[in-house]
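# Survey of secondary and tertiary structure
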Amino acid sequence: MKSFSYVRPSDVDTAIAAVAADPAGSYLGGGTNLVDLMKLGVAAPGLLVDVSGLPLTEVTPTPEGGLSVGANVRNSDLAAHPLVRARYPALSQALLAGASGQLRNAATTGGNLLQRTRCLYFQDVGKPCNKREPGTGCPAREGVHRDLAVLGHSAHCVATHPSDMAVALAALDAAVRLRGPDESERTVPVTDFHRLPGDSPERDTVLEHGELITAVELPAPAPGRSAYRKARDRASYAFALVSVAAALDVRGGTVRSARLAFGGLAHKPWRARAAEEALVGAEATEESFGRAADAELSAAEPLRDNAFKVELARNLAVRVLASLAAPGGPDAPAAGPAPGARPPGPNSGS
Amino acid sequence: MWHVVPRTAQHPPAVSAVTLHVNGVRHRLTLDNRTTVLDALREHLALTGSKKGCDHGQCGACTVLMEGRRTNSCLKLAVACDGAEITTVEGLADGENPHPVQRAFLDRDGFQCGYCTPGQICSAIGVLAEAADGHPSYVTPVASEAAGQSVPPGPSEPSGAAGGTPPPVPLTPEEIRERMSGNLCRCGAYANIIAAVEDVAR
Ligand SMILES: Cc1cc2nc3c(=O)[nH]c(=O)nc-3n(C[C@H](O)[C@H](O)[C@H](O)COP(=O)(O)OP(=O)(O)OC[C@H]3O[C@@H](n4cnc5c(N)ncnc54)[C@H](O)[C@@H]3O)c2cc1C
Ligand code: SF4
Ligand code: FES
Ligand code: FES
């Protein structure tokens, strides 16, 4: 690991100024991704500005009926928060589907959004990778890509975004509050926060150097129910092959409104607008849920070894939507590996 | 190719004074900023109970309690934990009396080689506290009111409406398996580990 300086400012603007002034500066949240990448040599900041001491630790109801979540709220605390459990079950379940209990105790809301891909080549400094070293190529496209993207990828990168939380936030119409140098502020919808790779896969998000995530804002909950389900190679503690976050409002057997997002399929949480359009006004039956999923997934361009993800995504979406439409509501997530999952191989360590 | 010379002069030093309160004892250390809590414990304080399995947050062997909550000490920089209260497996017993979770692991034979055990035990103590505080897991059934049709939100709603203290979550074997999944055991002692945690939860 490269040597670095460390500071822990107690106010937001001092932290922002410190990173903004140093091209090699980086924020440090819980450290569960950044410290890992520093050990691997993938990240080598010269200055760490620890933001865990900043007063961004509250979950507060907003006047619009939503919630504002401070960037430092721990994943475990957010998942257990009574208002999140009651109003945004998809968010609570997505957080609980991610990582392990002890990692969630350390991981922060801001850091979770900015975690980097788990593409094996990205994490191996001995290999080329456009995301890590622009212009070196993308070995995953022809190499090991079973876990990687089927939607929105480019010739330059086929990575997926690994966050579970971000998928639920995308479905729930959440937005990211950013603060930059000179007290500038902006709010970016989560669906626009992460990027598709295009010809610049080195940029995961629209965040500019020095900008700090201060909060995530949730609008008032969508009508109906919401849920998050994740298909993976093991029953627990593994990244998603495919995940689904959905909010569905059904009245008299007809879908009144629907929000749907997929994880594990693309470089960003994939908000399924085409599926949503197909759902609204449709009968709440497995047939129409399947047709809606097809409307979205017909754009998929699977790679040699990940075509199974398309069918898995369809089946999972139908299952989640059907459980939301059922009179009793969604059941607890089934323990057990995903349909179509294979036993973990040597490289599947979470 | 030009190398950018780091402007180290404007940076504070890469070494820091760090105070850690470990098992009730205060330690003042001078550490390279790169030192993790795990390495500080093992290399600087000779507390080798916490194990290094993977050093990347994947196995849980390094799990300790920080400010009472379980965490992977291999991914925590010591400098970022200045002033923290840390409990390791060495600090659990009350004199000659093992902690109830330690006792249960012995009674149930919750190990074979023992390498993962300190992390399992610290993690289990965290699990018991989290469940007692009503924290859900991925397999916790969604409470009917929590699944409810659009909880009417609004600024007028008292903030405690969905609040109060949530009831403890019963630790069924399924709950224990899910909550302990961040602790791997290469010997496969899982069945007995679950039995041990269940004993203490009862
Ligand atoms: C073994 C293992 C398994 C995992 N499994 C899953 C999983 O199944 N699902 C899942 O979703 N995740 C999983 N994770 C990832 C985990 O969720 C992330 O590591 C964690 O959420 C990152 O949060 P952090 O606070 O520790 O971020 P850090 O590691 O501290 O930071 C991550 C990035 O965010 C930046 N940053 C942090 N805070 C801010 C801020 N406020 N403003 C701007 N930039 C900021 C940092 O500079 C850094 O670039 C796993 C991790 C491990 C190690
Ligand atoms: S998929 Fe993206 S992250 Fe993976 S090797 Fe290709 S460029 Fe790198
Ligand atoms: S050594 Fe920390 S999780 Fe494996
Ligand atoms: S007892 Fe040997 S690794 Fe768990």
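From a predicted model like this one, the values you see are computed outputs, not experimental measurements.

This part covers the overall build of chain A. Scanning chain A from terminus to terminus reveals 12 helices and 12 strands. Each of the three principal axes of chain A carries a C-alpha extent, and together these read 60 × 50 × 35 Å. Of all 350 residues assigned to chain A, the portion counted as buried reaches 61%. For chain A, the accessible surface area stands at approximately 12400 Å², while carbon and sulfur atoms represent 52% of it. Averaging the positions of the 36 positive and the 37 negative side-chain charges in chain A gives two centres separated by 5 Å.

Glancing now at the side chain of Asp55(B). As for its placement among the helices and strands, Asp55(B) is situated in the loop between helix H1 (37-44) and strand S3 (63-66). For Asp55(B), a relative accessible area of 18% puts it in the buried group. One polar contact links Asp55(B) to Lys39(A), side chain to side chain, over a distance of 2.8 Å. Not counting residues within four places of it along the chain, the set of residues in contact with Asp55(B) comprises Lys39(A), Leu38(B), Cys74(B) and Leu75(B).

Residue and element names in this part refer to chain A. Counting 49 residues, the largest nonpolar core has Tyr27, Leu78, Leu91, Leu113, Leu169, Leu212 and Leu218 as the members making the most contacts within it. The leading source of residues in this core is helix H8 (residues 165-171), at seven residues. Setting aside residues up to four positions removed in sequence, Leu169 forms contacts with Leu91, Leu113, Ala174, Val190, Val216 and Leu218.

Across the contact, 61 residues belong to chain A and 58 residues belong to chain B. Both sides of the chain A and chain B interface together cover about 4800 Å² of buried area, and 53% of this is carbon and sulfur. Among the residues of chain A in contact with chain B, Lys39(A), Arg85(A) and Gln102(A) are the three that bury the most area, contributing 14% of the side total. Summed over the shared surface of chain A and chain B, the result is two salt bridges. A salt bridge links Arg69(B) to Asp77(A), with the shortest nitrogen-to-oxygen separation between them at 3.0 Å. If you look at where chain A meets chain B, you find 23 residue pairs in polar contact (both at pLDDT 80 or more). Listing elements by their share of the side of chain A that touches chain B, those giving two or more residues are strand S1 (5-7), helix H2 (34-40), strand S3 (47-50), helix H3 (75-80), helix H4 (82-87), helix H5 (89-97), helix H6 (101-106) and strand S9 (225-231) of chain A. The class makeup of the residues in the side of chain A that touches chain B is 30 nonpolar, 17 polar and 14 charged.

A separate point is the pairing of strand S2 (residues 25-28) of chain A. All names here are of chain A. One ladder, built from four bridges, connects S2 with S3; its direction is parallel. Paired with Leu28 across the two strands is Asp50, which belongs to S3. Read as a crossover between parallel neighbours, the route from S2 over H2 to S3 is right-handed.

A separate point is the site of ligand 1. Residues in close proximity to ligand 1 total 34 residues, the closest being Tyr27(A), Gly31(A), Thr32(A), Leu34(A) and Thr108(A). More than one chain lines the surroundings of ligand 1; the residues nearby belong to chains A and B. In this structure, an oxygen atom belonging to ligand 1 sits 2.7 Å away from a main-chain N or O atom of Leu34(A). Within the contact set of ligand 1, an oxygen atom lies 3.4 Å away from a backbone nitrogen or oxygen of Asn112(A). Calculation on ligand 1 without its partners gives an accessible area of 980 Å², and the protein chains cover 96% of this total. Counting residues per element, the ones that place at least two in the shell around ligand 1 are S2, helix H7 (109-113) and strand S8 (212-218) of chain A. Residue contributions to the shell around ligand 1 peak at three residues, all from S2(A). Classifying every residue of the shell around ligand 1 gives 14 nonpolar, 17 polar and three charged.

All names here are of chain A. Even without being a glycine, Asp182 presents a positive backbone phi close to 60°. Position of Asp182 relative to the elements: it lies in the loop between strand S6 (175-179) and strand S7 (185-189). Unusually for a residue other than glycine, Glu183 sits at a positive phi of about 60°. As for its position among the elements, Glu183 is in the loop between S6 and S7. The class of Glu183 is exposed, set by a relative accessible area of 56%.

This part is about the site of ligand 2. Taken together, 13 residues lie near ligand 2, and Cys119(A), Cys129(A), Cys138(A), Cys157(A) and Val158(A) sit nearest. For the shell around ligand 2, the per-class residue count stands at 10 nonpolar, two polar and one charged.

Before going further, it helps to spend a moment on the packing of aromatic side chains. By convention here, two paired aromatic rings are described through the distance between centres and the angle between planes. Under the counting rule described, the total for this entry stands at zero aromatic pairs over all chains. Positioned above the aromatic ring of Tyr138(B), the side-chain terminus of Arg232(A) is 5.3 Å from the ring centre.

Residues and elements named next belong to chain B. Each assigned domain of chain B is listed with its residue range as follows: domain 1 (13-89) and domain 2 (92-136 + 167-202). Roughly 1300 Å² of surface becomes buried between domain 1 and domain 2 when both sides are summed, with 56% attributable to carbon and sulfur atoms. Broken down residue by residue, the surface that domain 1 buries against domain 2 is led by Leu65, Arg70 and Val89, which jointly contribute 45%. Across the contact surface, domain 1 and domain 2 share one salt bridge. Two residues, Glu130 and Arg70, come together in a salt bridge whose shortest N-O distance is 2.9 Å.

What follows concerns the pairing of strand S10 (residues 242-251) of chain A. Residue and element names in this part refer to chain A. Taking burial as the measure, the 10 residues of S10 include eight buried ones, the bulk of the element. By the bridge criterion, seven bridges tie S9 to S10 in an arrangement that is antiparallel. Counterpart to Lys230 in the pairing with S10 is Ser243. Alignment of S10 against strand S11 (residues 254-263), held across nine bridges, turns out to be antiparallel. In the sheet register, Ala246 faces S11, and the bridge partner there is Leu260. Connecting S10 to the antiparallel partner S11 that follows it, the hairpin turn spans two residues, and Gly252 within it adopts a positive phi of roughly 55°.

A separate point is the pattern of salt bridges. Two side chains bearing opposite charge may form a pair once their charged atoms approach each other closely. Summed over all chains, the structure comprises 30 salt bridges over all chains. Note that Glu276(A) and Arg271(A) form a salt bridge whose closest N and O atoms lie 2.5 Å from each other. Across the pair, Arg271(A) and Glu276(A) agree in class, each one buried. Of the charged contacts, one joins Asp199(B) and Arg202(B) as a salt bridge, the two residues approaching to 3.2 Å between their closest N and O atoms. Salt bridges sharing partners connect three or more residues here, namely Asp13(A), Arg177(A), Arg179(A), Glu185(A) and Glu217(A).

How each quantity is defined
- Residues numbered from 1 in each chain as written.
- Chains lettered and ligands numbered in written order.
- Predicted model: local features only at pLDDT ≥ 70, side-chain atom pairs only at ≥ 80, totals over all residues.
- Heavy atoms only, no water.
- Helix = DSSP H or I, 4+ residues; strand = E, 2+ residues; numbered from the N terminus.
- Buried < 20%, exposed > 50% of the residue type's maximum accessible area, 1.4 Å probe, protein only.
- Areas by Shrake-Rupley, 256 points an atom, 1.4 Å probe, with all protein chains shown as cover.
- Lys, Arg positive; Asp, Glu negative; His and termini not counted.
- Charge placed at Lys NZ, Arg CZ, Asp CG, Glu CD.
- Polar contact = N/O pair within 3.5 Å; in protein donor to acceptor, adjacent residues only side chain to side chain.
- Contact = heavy atoms within 4.5 Å.
- Core = buried A, V, L, I, M, F, W, Y, C linked by side-chain atoms within 4.5 Å.
- Buried area = accessible area lost by both parts, 1.4 Å probe.
- Salt bridge = Lys/Arg side-chain N within 4 Å of Asp/Glu carboxyl O.
- Nonpolar A, V, L, I, M, F, W, Y, C, P; charged D, E, K, R; others polar.
- Pairing = 2+ DSSP bridges.
- Right-handed = clockwise from strand over helix to strand, strands pointing away.
- Near = heavy atom within 4 Å.
- Phe/Tyr/Trp six-rings, centres within 6.5 Å; stacked < 30°, edge-to-face > 60°.
- Lys NZ or Arg CZ within 6 Å of the ring centre and 35° of its normal.
- Domains from an automatic or database assignment.

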